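Inside the fold
Listed below, chain by chain, are the residues.
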Protein chains: 2
Amino acid sequence: MRSDWRPPESEAFRLRPIGWVRSVLHDPGAAPKQNYEGAPEARVEIEPEFLPALDGLEPGQDVVVITWLHRGDRTVLGVHPRDDPANPLTGVFATRSADRPNPLGLHRTRLLRIENGGTLVVEQLEAIDGTPVVDLKPLLPTPAARPDRPTSDG
Amino acid sequence: MRSDWRPPESEAFRLRPIGWVRSVLHDPGAAPKQNYEGAPEARVEIEPEFLPALDGLEPGQDVVVITWLHRGDRTVLGVHPRDDPANPLTGVFATRSADRPNPLGLHRTRLLRIENGGTLVVEQLEAIDGTPVVDLKPLLPTPAARPDRPTSDG
């Protein structure tokens, strides 16, 4: 018998949007696939009830924004990376595809400033306008004891 | 009027566990706060229906495991970092606290091997036994064009 925690049929396991992406990007097909491929500066408008959770975030800080890629197809388990049919079919957990069972997006970026107490201006974000944001975390430095590790965008 | 996408009251916005952590860690209080603080090797048992999504993952690869920290308190917006009352109260989005509106955990680790076609053995993982896993992604290298960026565990 399994003893794992299973979500009850209530609000558990259900994400709440903590904010929304505001961006000049509107077409997922035209958006860059990764931040470093030329993503624009963007805003994250935090929902008023969650503003106290921003205390301590500082401009210049590197952060991870976690989004819900609401246009992702949750039934897809394999994709041709970068939408190129020449690339072999690959399991979605080996890719950053937005099509996946839980379409969470990880976006490493830098906080430039906070406007009006609740709008985060971030250096670059490849999510389209209106994308729900579900979490925000500071980046952690890779410990010096692990110099063999590649750097990462999260 | 807002045009943001809002989750309908169905399965949208609800996470599905894609697997479960198997670990010698059972007590959240005793678990290390970050992987590099001595987290043990662990297993992630992928649910059978999602096995095709593993195709292409290779031993030795650096990955991000995203968990649902089911013991997190979703009503908490501020914490004393590292549970130390001497640290000033800080918004949870400026911390890696498990207490947060959407208790998602980001765990950077390395895939050591895949056993029995569906059990991932990872080098270190600070999540406790039975923690639901909701996503798995390859780490992306930080682009060479951004050498100013610190390395990150995601």
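Source: prediction; values computed, not measured.

Structural notes on the overall build of chain A
- Assigned secondary structure in chain A consists of 0 helices and 8 strands.
- Counting from the amino terminus, helix and strand elements in chain A follow one another as β-β-β-β-β-β-β-β.
- Within chain A, contacts between residues at least 6 apart in sequence are counted, and of these 71% link residues at least 24 apart.

A look at the confidence of the model for chain A
Residue and element names in this part refer to chain A.
- The share of residues in chain A with pLDDT of 70 or more is 82%, and the mean pLDDT across the chain is 86.
- Counted against residues more than four places away or in other chains, residues 144-154, with its pLDDT under 50, gives 32 contacts.
- The ipTM for the predicted assembly is 0.86, set against a pTM of 0.87.

A short note on the sheet that holds strand 6 (residues 104-115) of chain A
Residues and elements named next belong to chain A.
- Spatial ordering of the closed barrel is given by 1-2-7-6-3-8, a layout of 6 strands whose pairing is antiparallel. Adjacent strand axes in the sheet meet at a mean angle of 45° when their direction is disregarded.
- With 7 bridges joining them, strand 3 (residues 62-68) and strand 6 adopt antiparallel strand pairing. Its bridge partner lying in strand 6, Val64 is registered against Arg108.

Overview of the sheet that holds strand 3 (residues 62-68) of chain B
Residues and elements named next belong to chain B.
- Pairing is antiparallel in the closed barrel, where 6 strands are placed in the order 1-2-7-6-3-8. Put simply, the sheet's adjacent strands are angled 45° from each other on average, direction ignored.
- Strand direction decides the pairing type here: strand 2 (residues 42-46) and strand 7 (residues 119-122), joined by 4 bridges, are antiparallel. Bridge pairing links Ala42 to Val122 in strand 7.

Section: unusual backbone geometry
Residue and element names in this part refer to chain A.
- For Asp83, which is not glycine, the phi dihedral falls at a positive 55°.
- Looking at where Asp83 falls in the secondary structure, it is placed in the loop between strand 4 (78-79) and strand 5 (90-91).
- Phi at Asn116 is positive, roughly 55°, even though this residue is not glycine.
- Relative to the assigned elements, Asn116 resides in the loop between strand 6 and strand 7 (119-122).

Conventions adopted
Residues numbered from 1 in each chain as written. Chains lettered and ligands numbered in written order. Predicted model: local features only at pLDDT ≥ 70, side-chain atom pairs only at ≥ 80, totals over all residues. Helix = DSSP H or I, 4+ residues; strand = E, 2+ residues; numbered from the N terminus. Contact = placed C-beta atoms within 7 Å. pLDDT = per-residue confidence, 0-100. Pairing = 2+ DSSP bridges. Axes fitted to C-alpha atoms, helices over the stretch in contact; angles between N-to-C directions.

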